[in-house]
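Chain and residue survey
So the chains spell out like this:
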Amino acid sequence: MSGMNRQGRPSSIDNTAHGGTHSTFTGNKALELEEPLLFELDNPGACGVDFDEPEPFTSRLGSFERQGRIGLASVSEPEVVRHFVRLSSKNYSIDAGLYPLGSCTMKHNPRLNEKMARLPGIGDVHPLQPQQTVQGALELMSELAHWLKELTGMPGVALSPKAGAHGELCGMMAIRAALTARGEDDQRSRVLVPESAHGTNPATAALLGYKVDAIPATKDGRVDLEAFKAKLGPDVAAIMLTNPNTCGLFERDIVEIADAVHEAGAYFYCDGANFNAIVGRVRPGDLGVDAMHINLHKTFSTPHGGGGPGAGPVVFSEALAPFAPLPYVVSGKDGFRIVETEEAAKADGTQPFGRMTAFHGQMGMFVRALAYMMSHGSDGLRQVAEDAVLNANYVLASLKDDMSAPFEGPCMHEALFDDRFLKGTGVETLDFAKAMIDEGYHPMTMYFPLVVHGALLIEPTETESKQSIDLFIATLKDLARAAKSNDKDRFTGAPYMSPRRRLDETAAARKPVLRWAPPMPAQAAE
Amino acid sequence: MRYLPLTETDRREMLGVIGAKSVDELFRDVPESARRDGLVDLPRRKGELDVERALGRMAAKNVAAGSVPFFVGAGAYRHHVPASVDHLIQRSEFLTSYTPYQPEITQGTLQYLFEFQTQVAMITGMDVANASMYDGSTGCGEAVLMAHRVTKRRKAVLSGTLHPQYASVVKNLSDFADYELEILPPALPDTIEDVAAHIDDKTSCVVVQTPGFFGELHDLRAIAEAAHAKGALLIAVVPEIMSLGAVTPPGEMGADIVVGEGQSIGNGLNFGGPYVGLFATREKYVRQMPGRLCGETVDADGNRGFVLTLSTREQHIRREKATSNICTNSGLCCLAFTIHMSLLGEEGYKRLARINHAAAVSLAERLAKVPGVEILNQAFFNEFTMRLPKPAAEVVDALAEKGVLGGVPASRLLPGVKEVEDLLIVASTEINTDADRAAYGAALKEVL
């Protein structure tokens, strides 16, 4: 019998009534609400906006007037708001908890940055307004460029690439343009890419027609210097190297690699996805890098937004800077000017290789990134790198006896484990990751990098407190212990408590259903 | 620093567990020559108030579109975005979530992507759409590469209706990937372009924009027929997606791939980005598509759920054999699009499109009365081209002096092309009032 409070309501829990799982009439689980597809809410006659029909006028659509029903759902505003709020509750987010996705840098997203991006003088400005009406926007781009150049020690920058992979494409195009200018484009057809690279690196090189040649890794998780040197030759255009690399390690031989690349007449493209580990402490320009993209949505904390938008500005060495694409901002005595055509560039004496996108790049991300940089300053950014590296090493040191680390530390901003600690348990990396979901965590990056078996790559970032990381470590220790003590069910069926259990991806790919379609009308009764 | 939770005590304790004397020790793999002891030459940290001041000062130097009579388009359009859109996309669970690689705890993102794909397929009149590209122009480049894969040919023909900066993006990609390209001269609205004459047995695709760069609506049916007769694909580009609420969709005119700029629905001008590229095609080409796709499936309990699918096309699985190198897309901009489109619904979308058309017709009628102005378009949606008695760039600057942002001079994007020097491209949407149009008419009269 449970206790009663003075209003006669039970004040303690009587858990004798129901045991274990409990299904509901609605399918809902208290705060967790099932939600149909938008199209299943269709209620013809409802509408979420109020606009009056225009006054009668003579149409100028000619013969192009759209006929028939489009099929869009008709829904009122409260229903639309509820629909998307309910959907949002089915998502994990960095605002809710630690999001240790290695290589993705899921750090805190300050709301100041959101506020700045929504200033009318920033968010409500058209890219093709007369230049005298956008001087502040051009100043902002110029200021961001200055910060990126200072932080990387590189003299050139292209702001327009829309995301990391787009930045890679931009960097490799600049390299190819420089080789063309030297008359060596035909001769240099090979790009060296370590086995541990992000998939975007080989995909980018291949898009430009390069032959991708994989460089093996050493036992300590780094580029095999001898194997790399053996692959260099007069037909090599570039190396694409991530540093710190995807194993979370700094490439110790990087200066020697850069020198060898340059000696062979090739260029050094650095994938800057992991710049967070070294920002403010190490400048890629001092390592011999020729081009590097910077994911503003990683290092400089513009929100990932469920998979974008990102921004991938590219910094360039002296050798590549003249080939940076259109558009770019210059400042003169009459203020700022955006150079957006080949004709204008010619007058300027540069040789831009072309254009990556219609307009000027991700302005909305530029302002967020600049707000983030200004907030931290030179001192705060250095602290970012130090705390990111400290947190990762703390995770590595705390877990190396319970899990298995393939490489000796110290690591940089992410701690890599392999699946040796799961050997013989019947639990695989995937199962281990899915069990973390029931514990309230987003899993780490799994099965990447490919050079490690059953990889588990953890990037805590600098915005986690020690208390948060301690609980995370304790949780992983408990899971590792459970896996080793034959508590297999906790893993292989996991997750049990998330809005959805494991999803059948094979079925999804075999017979793709990529859009909603109205149900077939039932056969009319005779 | 307000975003960094570790205290000095924490740091000391953690170094103790690691067994390092200082954080410098953790950086010992960095070559000596590249270690920096001091700070980089940039300002120190700032509080929120100071950052707001610094950025507010820059913002104040721009003329916000909403503060003046505004008629600028040419690939980006100012529309009213309902308040609930911006509120909902700022929910932490959407804003601060990653790509939905763990579907069990990202059903929110996956379901709206599925809804987005459905909406895009519906409005373009196509079978399927992907979960977005960076923007319309990069989507256009990817569409050309996709057509080359489908047809196993190497040459694309770009109509003179295509936005010049879209054409530059395609040219850049084609040049570097060693494909052939034929770019037709600018197709003024008062001339007829014979695209079909440029299609031959080597052509993989022809790219036509409607509404075109000069605002003209173009019939795609004959071009589609001509392309298909030679085994080529028709790629239709729609930079003003609001138009499809009123105008025959490319999918009903024989297009094989439709590329759109989705900025107009749910997304602000943002000085050019982030925007959201729409990409739709026929069912039979789905495995040649670039970008992420979200599909329906069931979970272990038999409940409906959604996952990213057909990822064997993508770089993280296929590496150098992927259909594209794209990874991050425009997730949050898709969400803004989907929410706004949900609010509009069937009737709202169509009505808003009619209002846009009415606004542009009203403006065209008014400006046609200004002495020296000639409207070149036959059929248009919310944007048209005027021929002026003097260079359009000068006129636009003079209008700006008078506090009217009057459009885009064609010469800005087509410098050195003599026949477009006096052409001004003008857009009008639901944001313009009669007073705005009157102000434009009066100012134009004065500056001509």
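Residues numbered from 1 in each chain as written. Chains lettered and ligands numbered in written order. Predicted model: local features only at pLDDT ≥ 70, side-chain atom pairs only at ≥ 80, totals over all residues.

1. Points about the overall build of chain B
Inclusion rule: Only runs of H or I of at least four residues qualify as helices and only runs of E of at least two qualify as strands under DSSP, and these elements are numbered from the N terminus. As a reference, a globule follows 2.2 Å times the number of residues to the power 0.38, and the radius of gyration itself is taken over C-alpha atoms. Buried residues are those with 20 or more other C-beta atoms within 10 Å of their own C-beta, exposed residues have 12 or fewer, and partly exposed residues lie in between; C-beta atoms are placed from the backbone. Residues are treated as contacting if the C-beta atoms built from their backbones sit within 7 Å of each other.
Summing up its helical and strand segments, chain B has 14 helices and 13 strands in all. The globule rule puts the C-alpha radius of gyration for 448 residues at 22 Å, and the 25 Å found for chain B is close to it. Its C-alpha atoms put chain B at 80 × 50 × 50 Å along the principal axes. Expressed as a percentage of its 448 residues, the buried residues of chain B come to 64%. Considering only contacts within chain B whose residues lie at least 6 apart along the sequence, 72% involve residues at least 24 apart.

2. Details of the overall build of chain A
When helices and strands are counted, chain A shows 14 helices and 12 strands. Expressed as lengths along the three principal axes of its C-alpha atoms, the size of chain A is roughly 85 × 75 × 60 Å. Classification of the 526 residues of chain A by burial places 56% in the buried group. For chain A, restricting intrachain contacts to residue pairs at least 6 apart in sequence, the fraction spanning at least 24 positions comes to 72%.

3. Description of the sheet that holds strand β11 (residues 445–446) of chain A
Note the cut-off: By this definition, two strands are paired if DSSP reports at least two bridges between them.
With antiparallel pairing, the 3 strands of this open sheet are ordered in space as β10-β12-β11 (chain A). In this open sheet, the two edge strands, each paired with only one partner strand, are β10 (415–417) and β11 of chain A.

4. Digging into the sheet that holds strand β7 (residues 277–281) of chain B
Residue and element names in this part refer to chain B. Here is the rule we go by: With axes taken as lines fitted to C-alpha atoms, and helix axes fitted only over the stretch in contact, angles between N-to-C directions fall between 0 and 180 degrees.
Spatially, the 7 strands line up as an open sheet ordered β1-β7-β6-β5-β4-β2-β3, and their pairing is mixed. The sheet is open, and its two borders are formed by β1 (128–129) and β3 (180–183), each paired with just one other strand. Bridge count for strand β2 (residues 155–158) against β3 is 4 bridges, and the pairing is parallel. Counted as the bridge partner of Lys155 is Glu180 from β3. Against the sheet, helix α7 (residues 136–151) contacts β2, β4 (203–209), β5 (233–238), β6 (257–261) and β7, and its axis sits at roughly 170° relative to β6.

5. Here's the deal with helix α8 (residues 254–263) of chain A
Turn by turn, an α-helix covers 3.6 residues, leaving residues three or four places apart pointing in a common direction. Residues and elements named next belong to chain A. Put simply, the rule reads: This arc corresponds to the set of directions leading from the helix axis out to the C-beta atoms.
Of all the positions in α8, only Ile254, Ile257, Ala258 and Val261 are classed as buried. On an axial view of α8, the arc spanned by its buried residues comes to 95°, and they lie on one face. Lining the buried residues of α8 we find α7 (225–231), β4 (236–242) and β5 (267–271). After α8 finishes, the residue Gly265 shows a positive phi value of roughly 80°.

6. Let's talk about the interface of chain A and chain B
Note the following rule: Residue polarity is assigned by list, with Asp, Glu, Lys and Arg as charged and Ala, Val, Leu, Ile, Met, Phe, Trp, Tyr, Cys and Pro as nonpolar; anything else, Gly included, falls into the polar class.
Across the boundary between the two partners, chain A contributes 171 residues, which contact 167 residues of chain B. When residues in the side of chain A that touches chain B are grouped by element, the largest group, 22 residues, is from helix α10 (residues 363–399) of chain A. Of the residues contributing to the side of chain A that touches chain B, the split by class is 84 nonpolar, 53 polar and 34 charged.

7. Description of the pairing of strand β3 (residues 211–215) of chain A
Residues and elements named next belong to chain A. How we decide: Here a crossover is taken to be right-handed if, once the strands point away from the viewer, the path from the first strand over the helix to the second is traced clockwise.
Bridge analysis of strand β2 (residues 190–194) against β3 gives 5 bridges, and the strand direction is parallel. Pairing of Leu192 across the sheet is with Asp213, part of β3. Following the chain from β2 across helix α6 (residues 200–207) to the adjacent parallel β3, one finds a crossover that is right-handed.

8. Quick notes on the nonpolar core
The condition is simple: Take the buried Ala, Val, Leu, Ile, Met, Phe, Trp, Tyr and Cys residues, join any whose C-beta atoms are within 7 Å, and the set you get is a nonpolar core.
Among the nonpolar cores identified, the biggest contains 323 residues, and A:Ala174 and B:Ile235 are the most heavily contacted of them. The contact partners of B:Ile235, leaving out residues within four places of it in the chain, are B:Ala143, B:Val144, B:Ala147, B:Cys205, B:Val207, B:Asp256, B:Ile257 and B:Val259.

9. So, the confidence of the model for chain B
To keep it simple, the criterion reads: You can read pLDDT as the predictor saying how much it trusts each residue, on a scale of 0 to 100.
The share of residues in chain B with pLDDT of 70 or more is 100%, and the mean pLDDT across the chain is 97. Across the assembled chains, the prediction reports ipTM 0.97 with pTM 0.97.

10. Quick word on the domain arrangement of chain B
Residue and element names in this part refer to chain B. Quick note on the threshold: As used throughout, domain bounds are those supplied by an automatic or database domain assignment.
Domain assignment breaks chain B into domain 1 (65–80 + 345–447) and domain 2 (83–339). Averaged C-alpha coordinates put domain 1 and domain 2 at centres separated by 27 Å. Of the residues lining the interface, 28 residues belong to domain 1; the matching set on domain 2 comes to 24 residues. Only α11 (331–368) and β11 (383–387) provide two or more residues apiece to the side of domain 1 that touches domain 2. Broken down by element, the residue count for the side of domain 1 that touches domain 2 peaks at 7 residues, all from α11. By residue class, the composition of the side of domain 1 that touches domain 2 is 16 nonpolar, 8 polar and 4 charged.

11. Looking at the pairing of β5(A)
Residue and element names in this part refer to chain A. The element β5 is largely enclosed, with a buried count of 5 among its 5 residues. With burial as the criterion, each face of β5 is covered, one bearing Tyr267, Tyr269 and Asp271 and the other bearing Phe268 and Cys270. Sheet topology places β4 next to β5; 5 bridges connect them, and they run parallel. Following the sheet pairing, Met240 is matched in β5 by Tyr269. The β-α-β motif built from β4, the intervening α8 and the parallel element β5 has right-handed crossover chirality. Inspection of the sheet shows β5 paired to strand β6 (residues 291–293) by 3 bridges, in the parallel sense. Residue pairing for β6: Asp271 is matched across the bridge by His293.

12. Topic: the environment of B:Gln378
Take B:Gln378: it is sitting in the loop between β10 (374–375) and β11. Residue classification places B:Gln378 among the exposed residues on the basis of 12 C-beta atoms within 10 Å. Residues B:Gln378 and B:Asp190, 188 residues apart in the sequence, show an inter-C-alpha distance of 7.3 Å. Non-local contacts of B:Gln378, meaning those with residues more than four positions away in its chain, are made with A:Gly62, B:Pro189 and B:Glu216.

13. Considerations on the packing of α10(A) against helix α3 (residues 48–60) of chain B
Any two packed helices are characterised by the angle at which their axes cross and by the distance between the axes. This is how the line gets drawn: By definition in this entry, angles of less than 35 degrees are roughly parallel, angles greater than 145 are roughly antiparallel, angles of 65 to 115 are roughly perpendicular, and the rest are oblique. Crossing handedness is defined as follows: a turn of the near helix away from the far one that is anticlockwise and smaller than a right angle gives a left-handed crossing, while the clockwise case is right-handed.
Direction vectors running N to C along α10(A) and α3(B) enclose 140°, while the axes themselves pass 10 Å from each other. On the basis of their axis angle, the class for α10(A) and α3(B) is oblique. Once α10(A) is placed against α3(B), the crossing between them reads as right-handed. Mapping the contact onto sequence places A:Val367, A:Ala371, A:Met374 and A:Ser375 in α10(A) and B:Val51, B:Ala54 and B:Leu55 in α3(B). Grouping the amino acids of the contact of α10(A) with α3(B) by side-chain chemistry returns 6 nonpolar, 1 polar and no charged.

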